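Topology and contacts: notes
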Amino acid sequence: MDQHLEVFIAVAEKKNFSRAAEELHMTQPAVSQYIRAFEREIGTRLLERTNKYVKLNKAGEIVYDHAKEIVGLYTKMQGLVDDLTNKTSGPLAIGASYTFGEYILPHVIADMLEEHPLVNPAISIGNTRDIAEFVLKHQLDVGIVEGDFRHDKLMIEPFAEDRMFIVAAPGHPLAQEENITPQELEKERWIIREIGSGTRKAADNMFAAINISPKRIMEFGSIQLIKESVEAGLGISLLSQWAIRKELAMGTLKKIEVDGLPFTRKFSIVTSSPYRTKALDTFLAFVREASSGDRPPAR
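Residues numbered from 1 in each chain as written. Predicted model: local features only at pLDDT ≥ 70, side-chain atom pairs only at ≥ 80, totals over all residues. Heavy atoms only, no water.

1. Looking at the overall build of the protein
Regarding its fold elements, the protein presents 12 helices and 11 strands. Taken along its principal axes, the extent of the C-alpha atoms in the protein is 70 × 45 × 35 Å. Considering the protein as a whole, with its 299 residues, one finds that 45% of them fall into the buried category. Considering only intrachain contacts with a sequence separation of at least 6, the fraction spanning at least 24 residues in the protein is 75%. Charged side chains of the protein number 37 positive and 42 negative; the gap between the two group centres comes to 4 Å. (Helix = DSSP H or I, 4+ residues; strand = E, 2+ residues; numbered from the N terminus. Buried < 20%, exposed > 50% of the residue type's maximum accessible area, 1.4 Å probe, protein only. Contact = heavy atoms within 4.5 Å. Lys, Arg positive; Asp, Glu negative; His and termini not counted. Charge placed at Lys NZ, Arg CZ, Asp CG, Glu CD.)

Written as structure tokens, this is what we have:
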């Protein structure tokens, strides 16, 4: 692979020639020379330089985005070729949306590495929309996302069902009631994820299914923060069975029983290529096994 790309990416991410040189085990003058040659090849300046830092200009942003994609494709190609003769091993870039990534994925990785210690996973957690975008750009080998996700340029395989429940603090008035109506739910303060999240889409779909439009909504970017806020009595939320197992067992959260619930959605595997390394196939086998029941595998 062209070393100019690697040097450019390092400078763009470190925002400093000296730090990039340290990472690449090169001298600073050599890094500067690579960047000047690369800019001549592209035909324009890519970096704005000051005494304290360097940053990408508009052309640099375009080149950086495509350079990351090229490096990702090269790494994937190299891994596929190596797989023809070698054992299950090598790097594996995994992305997952928050529910799967925080509550299921750690168990999957632990079990996989116990049997295949030569696999080197790198994990990224984000909302469904961001994870899919990184897979599309070949910056991730695979993504695990939530909900009814569609994309005409990605391969999407639903593989497990996730049940979701409305939860409240044990002392919340609705937690003491039975036969709760949609109108009662509509009056409550809802604590939900941001737009782009699979959990947020599930909440929006549930609102539409039971024909309510809550007026009091708070958006938080973390499931853990939502759970803490619900436990504190700030409001109610719709959360995955995986995310609330411990809180239900400890009694710090309580399900609110409503007709038509639990609400269900799918977890899906997202990839951008039909070619898979042994490491990826192995990981996906562990994912399907771990998600076949109602709880992660016991450690």
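Past the structure itself, the notes keep going.
2. A word on the packing of helix α1 (residues 3-14) against helix α2 (residues 17-24)
It is the contact of α1 with α2, at a shortest axis distance of 8 Å, that shows an interaxial angle of 130°. For the element pair α1 / α2, the angle class is oblique. Once α1 is placed against α2, the crossing between them reads as right-handed. For the pair formed by α1 and α2, the contact residues are Glu6, Val7, Ala10, Val11 and Lys14 on the first element and Phe17, Arg19, Ala20, Glu23 and Leu24 on the second. Residue classes in the contact of α1 with α2 are distributed as 6 nonpolar, no polar and 4 charged. (Axes fitted to C-alpha atoms, helices over the stretch in contact; angles between N-to-C directions. Parallel < 35°, antiparallel > 145°, perpendicular 65-115°, else oblique. Left-handed = near helix turned anticlockwise from the far one by under 90°. Nonpolar A, V, L, I, M, F, W, Y, C, P; charged D, E, K, R; others polar.)

3. A closer look at the packing of aromatic side chains
This structure, assessed with the given rule, holds 5 aromatic pairs. Seen from their ring centres, phenylalanine 100 and phenylalanine 267 are 5.4 Å apart, and the 75° between their planes marks the pair as edge-to-face. With phenylalanine 100 in helix α5 (residues 98-103) and phenylalanine 267 in strand β11 (residues 263-271), this residue pair connects regions lying 167 residues apart in the sequence. With a centroid separation of 6.4 Å and 25° between ring planes, the pair formed by phenylalanine 159 and phenylalanine 267 is classed as stacked. One end of the pair, phenylalanine 159, is in strand β6 (residues 155-168); the other, phenylalanine 267, is in strand β11, and 108 residues separate them in sequence. For phenylalanine 159, a relative accessible area of 18% corresponds to the buried category. An aromatic cluster of at least three residues, connected via ring pairs, comprises Phe100, Phe159 and Phe267. (Phe/Tyr/Trp six-rings, centres within 6.5 Å; stacked < 30°, edge-to-face > 60°.)

4. Let's talk about the environment of threonine 88
Here threonine 88 is to be found in the loop between α4 (58-83) and β3 (90-96). On the accessibility criterion, threonine 88 (17% relative accessible area) is buried. Considering only alpha carbons, one finds threonine 88 and histidine 116, 28 residues apart in sequence, at a separation of 6.8 Å. For threonine 88, the contacting residues outside a window of four places in its chain are His116, Leu118, Val119, Lys278, Ala279 and Thr282.

5. Side note on the layout of surface pockets
Its boundaries defined by the atoms lining it, the largest pocket holds a volume of some 820 Å³. In terms of lining residues, the largest pocket is bounded by 38 residues, among which Val71, Gly72, Thr75, Pro91 and Ala93 are the most central. Contributions of two or more residues to the lining of the largest pocket are made by α1, α2, α4, β3 and β4 (119-125). The element that contributes the greatest number of residues to the lining of the largest pocket is α4, accounting for 10 residues. In the lining of the largest pocket, the residues fall into 14 nonpolar, 14 polar and 10 charged. Approximately 220 Å³ is the volume attributed to the second largest pocket. Lining the second largest pocket we find 15 residues, and of these Thr128, Phe149, Gly196, Ser197 and Lys201 sit closest to its centre. Split by residue class, the lining of the second largest pocket holds 3 nonpolar, 6 polar and 6 charged. (1 Å grid on protein atoms, 1.4 Å probe; cavity = no way out; pocket = protein on both sides within 12 Å on 5 of 7 lines; lining within 4 Å. Points joined across faces, edges and corners; volume = space filled by probe spheres on them.)

6. Things to note about a nonpolar patch on the surface
Together, Met77, Val81 and Leu84 make up an exposed nonpolar region whose accessible area comes to about 340 Å². As for its position among the elements, valine 81 is in helix α4. (Patch = residues over 30% accessible without salt bridge, like charges linked within 9 Å, V, L, I, M, F, W, Y side chains within 5 Å. Areas by Shrake-Rupley, 256 points an atom, 1.4 Å probe, with all protein chains shown as cover. Salt bridge = Lys/Arg side-chain N within 4 Å of Asp/Glu carboxyl O.)

7. Here we look at the confidence of the model for the protein
Low pLDDT means the predicted coordinates in that region are not meant to be read closely. For the protein, mean pLDDT is 89; residues scoring 70 or higher make up 96% of the total. Within the protein, the element-level pLDDT minimum falls on α4, averaging 85, and the maximum on strand β7 (residues 190-192), averaging 97. (pLDDT = per-residue confidence, 0-100.)

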